[in-house]
Amino acid sequence: MRGPVRREDLTPRQLQVIEATEPVVLVLGGPGTGKTTTALWAAREELSRPAVLSWQRVLFLTFSRTAVAQIAKRSPGVLGPESHRIEISTFHGFAWRLLRSFGRYGGQGIITPTLQSAARIKLLGQDTTRLSYDDLIPRMLALLKSETLLRLLTRRWPLVICDEFQDTDDDQWTVLATLARNARLLVLADPNPSVDTSKPAIGRHLKTGHRSGRSRPDVL
Amino acid sequence: MRILRVDLRHFRGFDVATILPAQHVVVVGEPGAGRSDLIEGLERVFSPEATRVRLPSELDFYNRDTSLRAEVEVVIGDLRDELEQAFFDHLEVWDRDKQEIVDQLTDPDQIDRTAHDLVLRLCYRAAWDEKQEQGEHWVDYPKTSEPDAARFDRITRADKNLLPFAVIHGAGRALDLGSRSPFRRLVQGAVGDDFVSALGRLEEQIEDHAGQFSATAQMTEALERILEHLRTPLALGKATAADIVHFLPEGGSVSGLLRSLGPAIDLKDGRGVLPLPRQGSTLAAMLGVGQTLATVGVRGIVAADDFGEGLDAETAQHLAATLRSSAAQIWLSTRRPRCVEVFRPSEVVRFAKNSRGGRLVYQGRVPTTKAERLAARHRNMQLLPAITARAVIILEGPHNRAAFTDLAFRLFYEMGTPLPSAHRVTIIDAGSVDGSGGSSAVPRLALAAAELGLRTVAVIDHDGSSDQVRKELEENLRCADAVVRLPAGHAIELALLTGVDEEVIKTTLTDLSKAFGVSLPVDLTTLTGAPLFAAARAFLKQAGGLHGQFVLALPPGVVPPEARLVLQTAIDIAVKAADGALTEKVCVDL
């Protein structure tokens, strides 16, 4: 899946996604259809818009560290000198970052939190001084009750990109919906039925999160 | 961007000190009380250059005790979106009322925009390495550092560069083309790249032109004579001298070349183009201020140590005012009262020393009402002459001050008595002209002086009804460290006249009458005793006060004994107070 890097190599459909200004854009495409490249180009386009200020950035959320590494590797090729203005992270990494920076204002105490793995809990039992993996996103969402913190966050990212959108659960969707209060949302999804049937369908999330008519599904 | 709080811990002469700036800061105080150390501390925090090389000596540690780290911690607010987002993960919550960092909250909803701000905290730290006999120092984020575990989250050089801060280092650094200079950064930060290409062209052309030197017949002959005996050992073969020897700008580099280029200025005043150093230090200082403001911009912080040194009072004042009105925050240390004048009383930070050499920090209070603000401004102006003193002698009005100041000069020149300034004591007055409001103005000024850490001796008249006299004394004793009271029934005029030969008084008054064109109220020749004193008193109060002139007009060797006693007593007590030798408040009745 080596997507084109030069703008003139993009297809008209890809250009349509990049130039879109709708609040929510859904891009459907199977593996290797160039979703990531298109998203990086959309980030570059967003950062070059006159209304976007020099201190603003694009947030790119995905699910695995492998995906983060892949996107990070490809971003300089598209964004060039602006590549420091794209923040790529997993949902959990994103929650961890916010908890480390601001968890102290949510009852977490001033000590930098430590994580405990599921295996550790099984072996040693629940350690209340440590955060478990499943705590991260709910705890982070609790922080966003603060208007001050929420304002700080939502001003930072005028565009939030979510990869593998079909895999988002309710909490992850809430994260996206909250960040999208002032931001545009670009969601990338693989239309093939998800193996994990516990995850809700794409359509349900977009319907519950946004008034109909504001979203524009787009298929690559 | 603005500094909201500075904490100095174990740094240089400071054991522990906190400064909570109002808006801008003007740092004044006794010599050696820490003005320069504060400005240096700020530079260590903000300047990427300041921590580039290791610390060579233990002098930065309080009492040279290297068992503790020396620290300068600052809280930076007014970040606006740009810096807030740049330092996103390092932001902390600041309590505006308490003027301190909020460590933690139980509920994020408690962050309240009317009471809290998002701020950035940085800490400069120095630690001494006994084995290597040098210090390591750095700047970190205290929020994510764990000093007890010696784990520090250091700020990167690139991030430091995002903070608009500059220190003005005297004159002579303006328009410097050196590669790391603020001027070069300013030029290279400007739109376009034509300067860079001009630099390239300069280098090429210099090489071209200088290359022609060695090709000239004259130089070829000279070079051949030098190379003649070296051709074999150097294996030069038949190459020409011009091929072997080239002339390049210093070191062959552009930076070497730029070092030899200095600014020359034509002020269109008929003197033509002159190198900047020849234009005088005033222009250099002005360009330095202009350059600093251009570098940091309107959101930046400017600091300067000993601002106004080497400048005339007017330029110094104008430049201080320009800085104050153009930068987001300025931190000036100065010994110049004219520079202090452009600041609000609440912006004055005064450093003093206690009797054991410890450092004390005093800050002007922020007024809460308009009346308080106006009064504070007025009293600040009255205190200006004393900003570098240890103690003040506060007199009721300018007549008293003129008389005692001139008396001090006469005692010095005729009898060798040290001036009050020799003890770092300054005579000021509470500004009352007719004496009626003087006794109530003195205690208020004494309080204002005490707020700035000055020791105070009030010198007051002793006239009026007994009830009024008692109340005045009480009030003065409450506000000043000590009170010196003229003898009962005496004001300044009687203090000047008592004990002086009557004939001398008559001659002196007659001389003054001629010199200043003020007629004597009555013929003095036949007057004696109380009527003479009454006439003399009335005369001295004329023409805006002739008190100082009277003291100076007295013949050599004649010094009013009562006034002398008052002055000497006041100085002695002021010195005692400044030395910390005054254990309780005293009132001396003469």
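Every value quoted in this text rests on a predicted model; they were computed, and no experiment measured them. (Residues numbered from 1 in each chain as written. Chains lettered and ligands numbered in written order. Predicted model: local features only at pLDDT ≥ 70, side-chain atom pairs only at ≥ 80, totals over all residues.)

### What about the environment of B:Thr525?
- Looking at where B:Thr525 falls in the secondary structure, it is placed in the loop between α18 (502-516) and α19 (529-540).
- C-alpha separation for the pair B:Thr525 and B:Ala222, spaced 303 residues apart in sequence, amounts to 97 Å. (Helix = DSSP H or I, 4+ residues; strand = E, 2+ residues; numbered from the N terminus.)

### Structural notes on the sheet that holds strand β20 (residues 586-589) of chain B
Residue and element names in this part refer to chain B.
- Taken in spatial order, the 5 strands of this open sheet run β17-β16-β18-β19-β20, and their pairing is parallel. The sheet is open, and its two edges are formed by β17 (425-429) and β20, each paired on a single side. The sheet shows a mean angle of 20° between the axes of neighbouring strands, taken without regard to direction.
- Where strand β19 (residues 482-485) meets β20, 4 bridges bridge the pair, whose relative direction is parallel. Bridge assignment links Ala 482 to a residue of β20, and that residue is Val 586. (Pairing = 2+ DSSP bridges. Axes fitted to C-alpha atoms, helices over the stretch in contact; angles between N-to-C directions.)

### Details of unusual backbone geometry
Residue and element names in this part refer to chain B.
- Backbone geometry at Ala 150 places phi at a positive 55°, although glycine is not the residue there.
- Of note in the backbone geometry, Ala 235 takes a positive phi value of approximately 55° without being a glycine.
- Within the fold, Ala 235 resides in the loop between α7 (231-234) and α8 (241-244).
- The class for Ala 235 is exposed, based on 8 C-beta atoms found within 10 Å. (Buried ≥ 20, exposed ≤ 12 C-beta atoms within 10 Å, placed from the backbone.)

### Notes on the domain arrangement of chain B
- As assigned here, chain B comprises domain 1 (1-174 + 295-366), domain 2 (176-261) and domain 3 (384-590).
- Between the C-alpha centres of domain 1 of chain B and domain 2 of chain B the distance comes to 44 Å. (Domains from an automatic or database assignment.)

### Some thoughts on the sheet that holds strand β14 (residues 348-353) of chain B
Residues and elements named next belong to chain B.
- Strand order across the open sheet formed by 6 strands is β9-β12-β13-β3-β14-β15, with mixed pairing between neighbours. The open sheet is flanked by β9 (165-168) and β15 (359-363), the only strands paired with a single partner. Sheet twist, expressed as the mean angle between neighbouring strand axes with direction ignored, is 15°.
- Relative to strand β12 (residues 301-304), β9 runs parallel, the two sharing 4 bridges. Paired with Ala 166 across the bridge in β12 is Val 302.
- Contacts from helix α1 (residues 35-46) reach β3 (25-29), β9, β12, β13 (329-333) and β14 within the one sheet, and its direction differs from that of β13 by about 140°. (Contact = placed C-beta atoms within 7 Å.)

### Regarding the pairing of β12(B)
- Residues B:Ile301 and B:Ala303 line one face of β12(B) and the alternating positions B:Val302 and B:Ala304 line the opposite face, and both faces are buried.
- Note on the crossover from β12(B) through helix α11 (residues 313-326) of chain B to β13(B): the handedness is right-handed. (Right-handed = clockwise from strand over helix to strand, strands pointing away.)

### Considering the interface of chain A and chain B
- Taken together, the contact pairs 19 residues of chain A with 19 residues of chain B.
- Elements that contribute at least two residues to the side of chain A that touches chain B include exactly α4 (91-102) and α7 (147-156) of chain A.
- A total of 5 residues in the side of chain A that touches chain B trace back to one element, the largest contributor, which is α7(A).
- Class assignment of the residues belonging to the side of chain A that touches chain B gives a composition of 7 nonpolar, 7 polar and 5 charged. (Nonpolar A, V, L, I, M, F, W, Y, C, P; charged D, E, K, R; others polar.)

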